[in-house]
Amino acid sequence: MKYLLWLSTLLLFAACHKAPETVIQPWLPYDESAMIGANADHESERMRFKLIQSRVRDRNDLWQQVGDQIKEFSEQDYEALKSMILEQDIPTIQGHIETGRLTYELLTQWYLYRIVKFENDSAKTLNCIISINPNAVEEAKRLDQEKPELYHPIYGMPVLLKDNVNAEGMATTAGAHILLDNTPDDAFITARIREKGGIILGKTSLSEWANFMCLGCPNGWSAVGGQTLNPYGRGVHDTGGSSSGSGAAMAANYAAAAVGSETSGSILSPSSGNSLVGLKPTIGLLSRGGVVPISSTLDTPGPMTKSVLDNAILLDAMTGQDEEDPATAAAPTDADYLFDPNQATLEGLRFGALKRFLEDSVYRLTVGRLEKLGATVVQCEGDAVQLEGFGDLLRADMRLDLAAYFERYTSENISAKTVNDVLAFNQVDSASSMPYGQGRIAGVLDVDLTAEELVELRRVLQDTARYYFDRYMDTLDLDGILAINNYGAGYAAAAKYPCLTVPMGYEEGGRPMGITFIAKPFEEDKLLKWGYAFELATAIRKMPVGYDE
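## Examining the side chain of aspartate 316
Within the fold, aspartate 316 resides in helix α12 (residues 308-318). We note that aspartate 316 is buried and unpaired, the nearest opposite charge coming from lysine 196 at a distance of 6.0 Å.

Structure, rendered in structure tokens:
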């Protein structure tokens, strides 16, 4: 019966496809001076743009990767399928496929068509997609034919990767001109997604080198991707960084799920800023193998999604111990993040709320909601604890870790071996490669710690950061700490504590905000249940205006 339903769906759409082929109109660079001028006096200096469009990549190269995949998919098809896909979570989409109303092939084509629909329009483009998997639809067709009786929920779901995560068949650039032609093998987490049947739909833009390129420059800028924009206010609201493209793409419903990465706030910031669920896992839960690094001490990939259930599904799909990333040896091997929603509750839990955050009206309202849902919220002073040497740790790590990535993970055609090579390359065409300079990455050369000094700095920072949380969590018997957006992300990073941000409201003017739950290492299962219970009870998230069609 399921086969007959699936076949009838294909026959229905085959009839529709007798219409003329869908042809993608060529992308023509547009006059961006109006937006740049409008932002010249933006209240945030980081929102004062110098460029919007990339000068090192032609967007028509992107459309070449898409064209043949959607040539038989029409606007009529897009509208017919929209109610089953737009803003729907993964379990709901899988349900439509189980009934035969939808196929993985059509799902993949729908997302590709939507990307073109908005990203080929200069008035709506978010500059959030860097590349597309040219084989995505063929992979989806195969998954339709080979679907097993038992499968992981990520099976057949189109997933976007931040473009510092290696994926075979696509370049991995980290937004940097020097890596424009870097075509490596899959990262460990990419391979895990594929093993479970997930489709890598493409790559998202990011703040160049994961926000380790320039000083004071806009979040979301990279030489390859251009300036990523926030769909809740293009040029008005910050995208957050560095996983800005994953944030904007998910907010605009360009895929079923997306992968970001964080060193200190780079998942939490764009997730909260785009009204998404974002998880920064415990360091070592997910492999960093094949991910362009800043810091092997603090880096981690993580899921960015529209719902907590989707977040749990993508997290579960990526886990696994990687021989090439020793940090994963500490990860639990028996954890199951695909929890029973009926087990998710806030009843009886104790959370700490920092007093300074309570000055924010949206946060206060959220604390009240948590209390009505059965949680106890205890006020904490939250006085500052200095993380001295945090920047030195990042610079010292990047000096070593980027060289290790070049040596182990880049394709053979990439000649870069050190940070010095990157700096020299950018100087050749500075207007295109570094309109905001390269002050941050150049600072990597200013720190040269011995191995012993680096080990000691890591220990001191972790001890200090854990004290920042544990003085409340232990003495007040708290299950977790409540923060806003990416506030306190540096402490959570240094402590190696996981964080989950969930939409909690919108500021005046429409800027999204997230409530961020912080727990102790490898308590992601708890975070996800807390987040689900809050999400279910509040249903805060709403689509950005103009991207809800």
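## Some points on helix α8 (residues 188-195)
Considered for burial, the residues of α8 that qualify are Ile189, Thr190 and Ile193. Taken end-on, α8 shows its buried residues confined to a sector of 105°, consistent with a single buried face. Considering only its buried residues, α8 is in contact with β2 (158-162), β3 (199-204), β6 (257-262), β8 (300-305) and α12. Looking one or two residues beyond α8, the residue adopting positive phi is glycine 197, at roughly 95°.

## Describing the sheet that holds β8
Taken in spatial order, the 11 strands of this open sheet run β1-β3-β2-β6-β8-β7-β12-β13-β11-β9-β10, and their pairing is mixed. In the strand order of this sheet, the two ends are held by β1 (129-132) and β10 (376-380), each with one partner. The sheet shows a mean angle of 30° between the axes of neighbouring strands, taken without regard to direction. Bridge count between strand β11 (residues 480-484) and strand β13 (residues 512-518): 4 bridges; the pairing is antiparallel. Within β13, the residue paired with isoleucine 484 across the bridge is isoleucine 515. Taken strand by strand, helix α6 (residues 104-119) contacts β1, β2 and β3, and its axis lies near 15° from that of β3. Against the sheet, α12 contacts β2, β6, β7 (277-280), β8 and β12 (499-506), and its axis sits at roughly 145° relative to β8.

What counts and what doesn't
- Residues numbered from 1 in each chain as written.
- Predicted model: local features only at pLDDT ≥ 70, side-chain atom pairs only at ≥ 80, totals over all residues.
- Heavy atoms only, no water.
- Helix = DSSP H or I, 4+ residues; strand = E, 2+ residues; numbered from the N terminus.
- Buried < 20%, exposed > 50% of the residue type's maximum accessible area, 1.4 Å probe, protein only.
- Lys, Arg positive; Asp, Glu negative; His and termini not counted.
- Salt bridge = Lys/Arg side-chain N within 4 Å of Asp/Glu carboxyl O.
- Arc of directions from axis to C-beta.
- Contact = heavy atoms within 4.5 Å.
- Pairing = 2+ DSSP bridges.
- Axes fitted to C-alpha atoms, helices over the stretch in contact; angles between N-to-C directions.

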